[in-house]
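Chain and residue survey
Spelled out, the chains give:
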Amino acid sequence: MARRSLGRQFGWLWAAYGASTFGTWLAFDAFTLVAILVLHAGTTQVSVLAAAGLAVGAAVAVPLGPWVDFRRKRPVMVAMDLIRFAALMSIPAAYALGRLSFIQLLVVSVLVAAADITFRAASGACLKELVRPEDLLIANGRFESTTWTATMLGPPIGGVAIGLFGPVTTIVANAVSYLLSALGVRAIGGDEPKPSRIGVPRLRAGDLLDGWRSILAHPGLRALFLNTMLVNGLIMATAPLLAVLMLSELGFAPWQYGLAFAAPCVGGLIGSRLARRFVERFGQHQVMLVAGALRACWLLGLAFVGPGTGGLLLVILVELGLIACMGVFNPVFATYRLEQTATDRVARVLSAWSVSSNATIAALTALWGVLAGLTSPRTAIAIAGVLILATPLLLPRRQSTPLLVDL
């Protein structure tokens, strides 16, 4: 199948996305490593750092979705990139001066999380403006391929960089990636139309809930919203428990743990490349329904991981199946969500979605940590695996017509 060009402007947006995504995965768990290796933080502080960045960052981002919808998107994206660059660079600066503190890590994690949500909301609206409707799936498929490539390569390279150059190295690289992203967004060029109500002096209180109102009023989006919140939350809640199970209880080496999550990312690349072909053959709704159901079938397998080579291969196989299904589902779902959302509400809907996702992941991660403490990591993973099997019931059963007007 010939590779279709989506134009120079999309090329720059894709380059910006690729730069920031690789930077993010290069610095995977960098804050946790800095907290442990530099500040000698304990388990409680590390848990607070992981949860607070998601939860508080989501709360800070609540008013930013409506704000973005009433403004040009590219300047907002550049501003969020520069905020993330400045916030992250404050960490190596403080480290060099011997003034780095846990509170600073906490504040930076909140700022970066809020800026991430705002950037994603603005970039989704920007994508819908730059790409023709029939090309949205191709664009989202390329973003998905980039994500899984970065997920596969970033953490191992970042681990080597930290070993060679110190604990804040990948944070510097991540900061620079946001600067490169800002340059890429600036290079898009062209005229960006002014959104309506751009001159409104302040947001109304009711605007803060517009994103959720739009989601819940649309049958298809409402079903997908509930489905993705639970699926993503349960998968992410089991990640630290699996780390404890593999590294502490089963005695896997760190390199084996890294391999177990890097190698299966090939499935994401394959799935994202096949998504468009599946849609052309079977239709968008059928692919989303089948891939969405299949991605819920794998998590339970992680509860049966044992020691040795067999256990490692089981983790790789389960993760490969899960990620391949996600690689198909994610770009199809992202395209459907953009198609079903009115253009002047894209940022609000995407912001509400990200805020809810971050809050759900933070809450379920904390809850499953307590559950694992009361039972065991293996039991908690098994409970999540059983619960996720019910999530396909929340997938939309019928096709929906695009939401072309305001609610």
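Whatever comes next refers back to the structure up there.
Here the structure is a predicted model, which means the values were calculated and not measured. (Residues numbered from 1 in each chain as written. Predicted model: local features only at pLDDT ≥ 70, side-chain atom pairs only at ≥ 80, totals over all residues. Heavy atoms only, no water.)

Some thoughts on the nonpolar core
The cut-off we apply is this: Within this scheme, the nonpolar core is defined by two criteria: the residues are buried Ala, Val, Leu, Ile, Met, Phe, Trp, Tyr or Cys, and they are joined through side-chain atoms within 4.5 Å. Buried, partly exposed and exposed residues are distinguished by accessible area as a fraction of the type maximum, computed with a 1.4 Å probe on protein chains only: under 20%, between the cut-offs, and over 50%, respectively. Secondary structure elements are defined from DSSP: runs of H or I of at least 4 residues count as helices, runs of E of at least 2 residues count as strands, and each element is numbered from the N terminus.
With 33 residues, the main nonpolar core has Leu302, Trp368, Ile381 and Ile388 as its most contacted residues. Elements represented by at least two residues in this core include exactly helix H7 (136-165), helix H10 (219-249), helix H14 (308-339), helix H15 (346-374) and helix H16 (377-388). With eight residues, the single largest contributor to this core is H10. Judged by nonpolar contacts, the second largest core, of 29 residues, contains Ala121, Ala122, Ile188 and Ala347.

Side note on the packing of aromatic side chains
What characterises a pair of aromatic rings is the spacing of the ring centres plus the angle enclosed by the ring planes. Just so we agree on the cut-off: Aromatic rings from Phe, Tyr and Trp, taking only the six-membered ring of Trp, are treated as a pair when their centres fall within 6.5 Å; an angle between ring planes under 30 degrees marks them as stacked, one over 60 as edge-to-face, and anything in between as tilted. Only when the NZ atom of a Lys or the CZ atom of an Arg is both within 6 Å of the ring centre and within 35 degrees of the ring normal do we say a charge sits over the ring.
Applying the stated criterion to the full structure yields nine aromatic pairs. Aromatic side chains phenylalanine 278 and phenylalanine 282 sit 6.4 Å apart centroid to centroid with 50 degrees between the ring planes, which places their arrangement in the tilted category. Placement of both phenylalanine 278 and phenylalanine 282 in helix H12 (residues 265-282) is noted, with a separation of four residues, approximately one turn of the helix. Residue classification places phenylalanine 278 among the partly exposed residues on the basis of a relative accessible area of 30%. Ring centres 5.6 Å apart and planes at 10 degrees place the aromatic pair phenylalanine 329 and phenylalanine 333 in the stacked group. Highlighted residues: phenylalanine 329 and phenylalanine 333, both in helix H14, separated by four residues, approximately one helical turn. By relative accessible area, phenylalanine 329 is classed as buried at 1%. Among the aromatic residues, ring-to-ring pairing joins Phe10, Trp14, Tyr17 and Phe143 into one connected group. Directly above the ring of phenylalanine 119 sits arginine 84, whose terminal nitrogen or CZ lies 4.7 Å from the centroid. Of note, arginine 295 hangs over the ring of phenylalanine 329, and the distance from its end group to the ring centre comes to 4.0 Å.

Some remarks on the packing of H10 against H15
Our working rule: Note on geometry: axes are lines fitted to C-alpha atoms, helical ones only across the stretch in contact, with angles between N-to-C directions running from 0 to 180 degrees. Our angle categories are set so that under 35 degrees counts as roughly parallel, over 145 as roughly antiparallel, 65 to 115 as roughly perpendicular, and the remainder as oblique. Handedness of a crossing follows from how the near helix is turned relative to the far one, being left-handed for an anticlockwise turn of less than a right angle and right-handed for a clockwise one. Contacts: residue pairs with any heavy atoms within 4.5 Å of one another. Residue polarity follows a fixed list, in which Ala, Val, Leu, Ile, Met, Phe, Trp, Tyr, Cys and Pro are nonpolar, Asp, Glu, Lys and Arg are charged, and the others, Gly among them, are polar.
Where H10 meets H15, the closest approach of the two axes is 8 Å, and the angle between their N-to-C directions is 40 degrees. One element, H10, and the other, H15, form an angle in the oblique class. Here H10 runs over H15; the crossing is right-handed. Packed against H10, whose contacting residues are Leu221, Leu224, Phe225, Thr228, Met229, Asn232, Gly233, Leu234, Met236, Ala237, Pro240 and Leu241, the element H15 presents Ala352, Trp353, Ser356, Ser357, Thr360, Ile361, Leu364, Thr365, Trp368, Gly369 and Ala372 at the interface. Counted by class, the contact of H10 with H15 contains 15 nonpolar, eight polar and no charged residues.

Section: a nonpolar patch on the surface
Note the following rule: Every patch collects residues that have over 30% relative accessible area and no salt bridge, joining them within 9 Å if they carry like charges and within 5 Å if they are nonpolar side chains (Val, Leu, Ile, Met, Phe, Trp, Tyr). Using a 1.4 Å probe, accessible areas were evaluated by the Shrake-Rupley method; residue-level cover was limited to the displayed protein chains. Criterion for a salt bridge: a side-chain nitrogen of Lys or Arg within 4 Å of a carboxyl oxygen of Asp or Glu.
Residues Val266, Ile270, Leu274, Phe278, Phe282 and Leu320 make up a contiguous nonpolar surface patch of about 470 Å² in total accessible area. Take the nonpolar patch: its biggest share by element is five residues, from H12. As for its position among the elements, isoleucine 270 is in helix H12.

Topic: the pattern of salt bridges
One pass over the full model with this rule turns up seven salt bridges. Between arginine 84 and aspartate 81 there is a salt bridge, and its shortest N-O distance comes to 2.6 Å. Taken together, the residues arginine 84 and aspartate 81, both in helix H5 (residues 73-96) and three residues apart, mark about one turn of the helix. Judged by its relative accessible area of 0%, aspartate 81 falls in the buried class.

A short note on the side chain of serine 272
The condition is simple: Under the rule applied, a polar contact is a pair of N or O atoms within 3.5 Å (in protein, one hydrogen donor and one hydrogen acceptor; residues adjacent in sequence only if both atoms are side-chain atoms).
Mapped onto the fold, serine 272 is located in helix H12. Among the polar contacts made by the side chain of serine 272, one reaches the side chain of serine 145 at a distance of 2.6 Å. If near-sequence neighbours (up to four positions away) are discounted, serine 272 is found in contact with Gly141, Glu144, Ser145, Gly327 and Val328.

Topic: the side chain of glutamine 284
By the element assignment, glutamine 284 lies in helix H13 (residues 284-294). At a separation of 3.0 Å, a polar atom in the side chain of glutamine 284 contacts the side chain of glutamate 339. Contact partners of glutamine 284, with chain neighbours within four places excluded, come to Val279, Val332, Thr335, Tyr336 and Glu339.

Digging into H12
Cut-off, in case you're wondering: Take the number of residues in a helix, subtract one, and multiply by 1.5 Å to get its expected span. Bend, in this description, refers to the angle at a residue between axes fitted to the seven residues ending there and the seven starting there.
Relative to the 26 Å expected for 18 residues at 1.5 Å per residue, H12 spans 25 Å between its end C-alpha atoms, a close match to the ideal helical length. Of all the bends in H12, the largest measures some 35 degrees and sits at alanine 275. Within the sequence span of H12, burial applies to Cys265, Gly267, Gly268, Gly271, Ser272, Ala275, Arg276 and Val279. Among the structural elements, H7, helix H11 (254-262), H13 and H14 are those in contact with the buried residues of H12. A positive backbone phi angle near 100 degrees is found at glycine 283, which sits one or two residues after H12.

Here we look at the environment of valine 38
Along the chain, valine 38 turns up in the loop between helix H2 (30-37) and helix H3 (43-61). Note on valine 38: relative accessible area 22%, which makes it partly exposed. The spacing of valine 38 and glycine 166 is 128 residues in sequence and 10.0 Å in space, taken between C-alpha atoms.

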